[in-house]
Amino acid sequence: MSPIAIAGAGIGGLTAALALATRGFRVALFDKAARLEETGAGIQLSPNAMRVLNALGLRERLMASVVAPDAVLIKAAHGAELARLPLGPAAEQRYGAPYWMIHRGDLQAALLDAALAHPGIALTLGAAVDGCAEKPDGIAVQVLRGEHPEAHDAAALIGADGLWSRVRALAGAGDTARFARRTAWRALVSADAVAPDFRAPAIHLWLGRGSHLVHYPVKAGAMINIVAIAADAQPSHGWSTAAPPDEVLTRFSSESWARPARDLLALPERWLKWPLYDRPSRPHRGRGAVTLLGDAAHPMLPFLAQGAAMAIEDAAVLAGSLAATPDDAPAALRRYEQARAARTVRVWRAARLNDAVYHLPWPAAAARDLAMGAMGGDRLLAHYDWIYDWKMEL
Ligand SMILES: Cc1cc2nc3c(=O)[nH]c(=O)nc-3n(C[C@H](O)[C@H](O)[C@H](O)COP(=O)(O)OP(=O)(O)OC[C@H]3O[C@@H](n4cnc5c(N)ncnc54)[C@H](O)[C@@H]3O)c2cc1C
């Protein structure tokens, strides 16, 4: 049998490669980048994602660099604590897997090391998937290495090639990604530089008027990941462009934002800027032996911290579906798409809802703060049980 070809060795593509190889498939993994480098930022790995990573044997490898938060602390921009959602051992018991925070580079290194160590996975860098043609027994995948096209026979092609997916276009989807009129500014600072309570193992979520702020420790507590999100009329050109500190501070003015939040925002000498996009929440359907996963299939706003988690879940379900009918890849891919449709649309919608709630103007923002305070952390966490308690179904 020909290998399964995967376009893109990001979090989704690497997890899919491991999930498929674990089930006995050979995998040809291509990434257009000459080197795999994750942006210098943190990522939250919720229990639904961790359940998959644990099953792939990554728990021990990740443990050295993660931080396990005790709680999510929701605060009003003026500093009052609104709610404390309990995580830590209680959440691990509740959901059967931990809630962890990690530097993206550490997650990628763990996935990449495991992929490189697996004899069933062949990774080629500097190789952009650019075309494909159906064949009676699979698919011919065209890969550009520099100027040179190469043809690779595969049993199926999985587009894990991110928001601006080329495979999505090859599969016939005509829609384009939409700028959400918000930008995320990201930075990492040394934990020694911040106030002691910001070094504690917790996720801090500050809600303002039209803007919000998230920060948490990564790198086993040595660094603090900061994400500041506010309205922006135009997207910056490209991802991960540098932004001066003033650009962030002017959006988090002292009129609304408490001193500790502004002190934290004043620390980074360098910010990276991330215009935020998603696509309409239509379930994705591939074509023949081609399908999509992760951001290529269903990019979503990051206000639920679930984009990578959905890519990781996709990878597990896709591998399970292909293993069920290895001789009929198109049928397996349609079953996978069907199995993922309702959940990914629901998570997409919940992220959009959080966008509205987190960025309310005054006075609705004040009403939101009162409502969150009244609801309390346990009830707010229970609200997300359907996300974190996910178990694989086919
Ligand atoms: C501010 C912010 C915070 C976030 N926080 C979280 C969080 O806490 N938790 C969470 O779960 N998610 C979070 N997300 C979402 C998460 O980052 C993404 O959903 C996730 O990285 C998507 O992974 P992916 O593998 O699908 O795509 P990508 O990471 O975009 O990887 C795509 C890969 O494909 C390669 N590629 C592109 N085109 C081709 C081609 N033609 N051929 C071959 N290779 C190609 C690229 O080089 C890249 O390596 C956040 C996002 C943002 C913007």
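Remember, it's a predicted structure, so these values are computed and weren't measured experimentally. (Residues numbered from 1 in each chain as written. Predicted model: local features only at pLDDT ≥ 70, side-chain atom pairs only at ≥ 80, totals over all residues. Heavy atoms only, no water.)

A. Up close: the overall build of the chain. Helices and strands together make up the secondary structure of the chain, namely 14 helices and 18 strands. For 394 residues, the compact-globule formula gives about 21 Å, and the C-alpha radius of gyration of the chain, at 21 Å, lands near that figure. In terms of overall dimensions, the chain has a C-alpha envelope of 65 × 45 × 35 Å along the principal axes. Here the chain, with 394 residues, has 55% of them falling under the buried criterion. (Helix = DSSP H or I, 4+ residues; strand = E, 2+ residues; numbered from the N terminus. Rg over C-alpha atoms; globule rule 2.2 N^0.38 Å. Buried < 20%, exposed > 50% of the residue type's maximum accessible area, 1.4 Å probe, protein only.)

B. Quick peek at the environment of Ala-305. Here Ala-305 shows up in the loop between strand E18 (290-292) and helix H10 (307-324). It is 31 Å that separates the C-alpha atoms of Ala-305 and Gly-24, two residues lying 281 residues apart in sequence.

C. Region of the structure containing empty space enclosed by the protein. In this structure the tally under the stated criterion is one cavity of 30 Å³ or more. In this structure, the largest cavity occupies an estimated 150 Å³ of space. Around the largest cavity sit 17 residues that line it, and Pro-283, His-284, Ala-297, His-298 and Thr-344 are the ones nearest its centre. Considering each element in turn, the lining of the largest cavity owes the most residues, seven residues, to helix H11 (residues 329-358). Looking at the lining of the largest cavity, its residues break down into nine nonpolar, four polar and four charged. (1 Å grid on protein atoms, 1.4 Å probe; cavity = no way out; pocket = protein on both sides within 12 Å on 5 of 7 lines; lining within 4 Å. Points joined across faces, edges and corners; volume = space filled by probe spheres on them. Nonpolar A, V, L, I, M, F, W, Y, C, P; charged D, E, K, R; others polar.)

D. Examining the nonpolar core more closely. Counting residues in hydrophobic clusters, the biggest one holds 70 residues, and the most contacted among them are Ile-6, Leu-20, Leu-53, Leu-62, Leu-107 and Leu-322. The dominant element in this core, judged by the number of residues it contributes, is H10, at nine residues. Core analysis: the next-biggest nonpolar cluster, separate from the first, contains 40 residues, Ile-74, Ala-180, Val-347 and Tyr-358 among them. (Core = buried A, V, L, I, M, F, W, Y, C linked by side-chain atoms within 4.5 Å.)

E. Seen up close, the sheet that holds E18. Pairing is parallel in the open sheet, where five strands are placed in the order E7-E2-E1-E11-E18. Every other strand in the sheet has two partners, leaving strand E7 (121-125) and E18 as the edge strands with one partner each. Taking each pair of neighbouring strands and ignoring which way they run, the sheet shows an average axis angle of 20°. Inspection of the sheet shows strand E2 (residues 27-31) paired to E7 by five bridges, in the parallel sense. Counterpart to Val-27 in the pairing with E7 is Ile-121. (Pairing = 2+ DSSP bridges. Axes fitted to C-alpha atoms, helices over the stretch in contact; angles between N-to-C directions.)

F. The arrangement of the site of the ligand in detail. Close to the ligand lie 29 residues, the nearest being Gly-12, Asp-31, Gln-44, Arg-104 and Asp-295. Within the contact set of the ligand, an oxygen atom lies 2.7 Å away from a side-chain nitrogen or oxygen of Arg-104. At 2.8 Å, a side-chain N or O of Asp-295 approaches an oxygen atom of the ligand. Of all the secondary-structure elements, those providing two or more residues to the shell around the ligand are helix H1 (11-22), E2, strand E3 (42-45), strand E8 (128-135), strand E12 (178-190), strand E17 (271-278) and H10. The biggest single contributor to the shell around the ligand is H10, with three residues. In terms of residue class, the shell around the ligand is built from 14 nonpolar, eight polar and seven charged. (Near = heavy atom within 4 Å. Polar contact = N/O pair within 3.5 Å; in protein donor to acceptor, adjacent residues only side chain to side chain.)

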